[in-house]
Amino acid sequence: MMADIASVLLMVLSVALLVVSMRLHHANTVGLRHFVGSLTAALGIVQRRRLERLEQKNRNRLLEDSVDSGTSAVELVHRAITSTTFSVIDRFSTSERFKASAQKARRTHDDTSRTFYRSIKTTNKTLHALANVLRNNQSQKRDSQSGQSNNRNKPDA
């Protein structure tokens, strides 16, 4: 009879321990879900920032390339117009002195316009490089400030 009572007590104790362990398992599962959710949200923010930076970088590259190719197109049209104009002057001018003067003007004009368009392209590249540096500094400050505010909101362990 004592053995039966001991068996029943052990079974009740086993069931009680099983219930406690199931409750702990449920609490751990809920905690893990909250942790995974928080981690996913944090990684989502990081990923979104990375994608925003990449998108901004691509927009900047597109803008820089647009200015560069637009400048090249304008330069080509400009050269075509001036070549035509100076060729007409050279072909139809009767004065050798005027032709020589026109050729000198053409060389000066070509050198000046080449320098001008080169300076536009160089300035374009420099401005975009400067903008990238400023943007990177700004985003690093923003990231470090958001990291500090996140650390302030976390309780000490």
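Please refer to the structure placed before this passage.
I will try to describe carefully the structure that is included in this document.

1. A look at the overall build of the protein chain
When helices and strands are counted, the protein chain shows two helices and zero strands. By the compact-globule yardstick of 15 Å for 157 residues, the protein chain is too spread out, its C-alpha radius of gyration being 38 Å. With the principal axes as the frame, the protein chain shows a C-alpha extent of 140 × 30 × 15 Å. By the burial criterion, 10% of the 157 residues in the protein chain qualify as buried. Put simply, of all contacts in the protein chain between residues at least 6 apart along the chain, 72% involve residues at least 24 apart. Counting only carbon and sulfur atoms, one obtains 63% of the accessible surface of the protein chain, whose full area is about 13,000 Å². A distance of 2 Å separates the average location of the 25 positive side-chain charges in the protein chain from that of its 13 negative side-chain charges.

2. What to know about the environment of Lys 125
As for its position among the elements, Lys 125 is in helix 2 (residues 96-153). In the structure, Lys 125 is positioned 64 residues away from Arg 61 in sequence and 9.8 Å away in space, judged by C-alpha atoms.

3. Comments concerning a nonpolar patch on the surface
Residues Leu 32, Phe 35, Val 36, Leu 39 and Leu 43 make up a contiguous nonpolar surface patch of roughly 490 Å² in combined accessible area. By secondary structure assignment, the location of Leu 32 is in helix 1 (residues 2-92).

4. Points about the pattern of salt bridges
For the structure shown, the criterion picks out six salt bridges. Arg 59 serves as the salt-bridge partner of Glu 55, at 2.6 Å between the closest nitrogen and oxygen. Taken together, the residues Glu 55 and Arg 59, both in helix 1 and four residues apart, mark about one turn of the helix. Residue class for Glu 55 comes out partly exposed when judged on its relative accessible area of 45%. Residue classification places Arg 59 among the partly exposed residues on the basis of a relative accessible area of 45%.

5. Regarding the side chain of Thr 82
Here Thr 82 shows up in helix 1. When residues no more than four places from it in sequence are discounted, the contact partners of Thr 82 are His 109 and Asp 110.

6. Some words on helix 1
Along its 91 residues, helix 1 runs 132 Å from first to last C-alpha, staying within 8% of the 135 Å computed at 1.5 Å per residue. Looking at helix 1, one finds that the buried residues are Asn 60, Glu 64, Thr 71, Glu 75, Thr 82 and Phe 86.

Analysis parameters
- Residues numbered from 1 in each chain as written.
- Predicted model: local features only at pLDDT ≥ 70, side-chain atom pairs only at ≥ 80, totals over all residues.
- Heavy atoms only, no water.
- Helix = DSSP H or I, 4+ residues; strand = E, 2+ residues; numbered from the N terminus.
- Rg over C-alpha atoms; globule rule 2.2 N^0.38 Å.
- Buried < 20%, exposed > 50% of the residue type's maximum accessible area, 1.4 Å probe, protein only.
- Contact = heavy atoms within 4.5 Å.
- Areas by Shrake-Rupley, 256 points an atom, 1.4 Å probe, with all protein chains shown as cover.
- Lys, Arg positive; Asp, Glu negative; His and termini not counted.
- Charge placed at Lys NZ, Arg CZ, Asp CG, Glu CD.
- Patch = residues over 30% accessible without salt bridge, like charges linked within 9 Å, V, L, I, M, F, W, Y side chains within 5 Å.
- Salt bridge = Lys/Arg side-chain N within 4 Å of Asp/Glu carboxyl O.
- Expected span 1.5 Å × (residues − 1).

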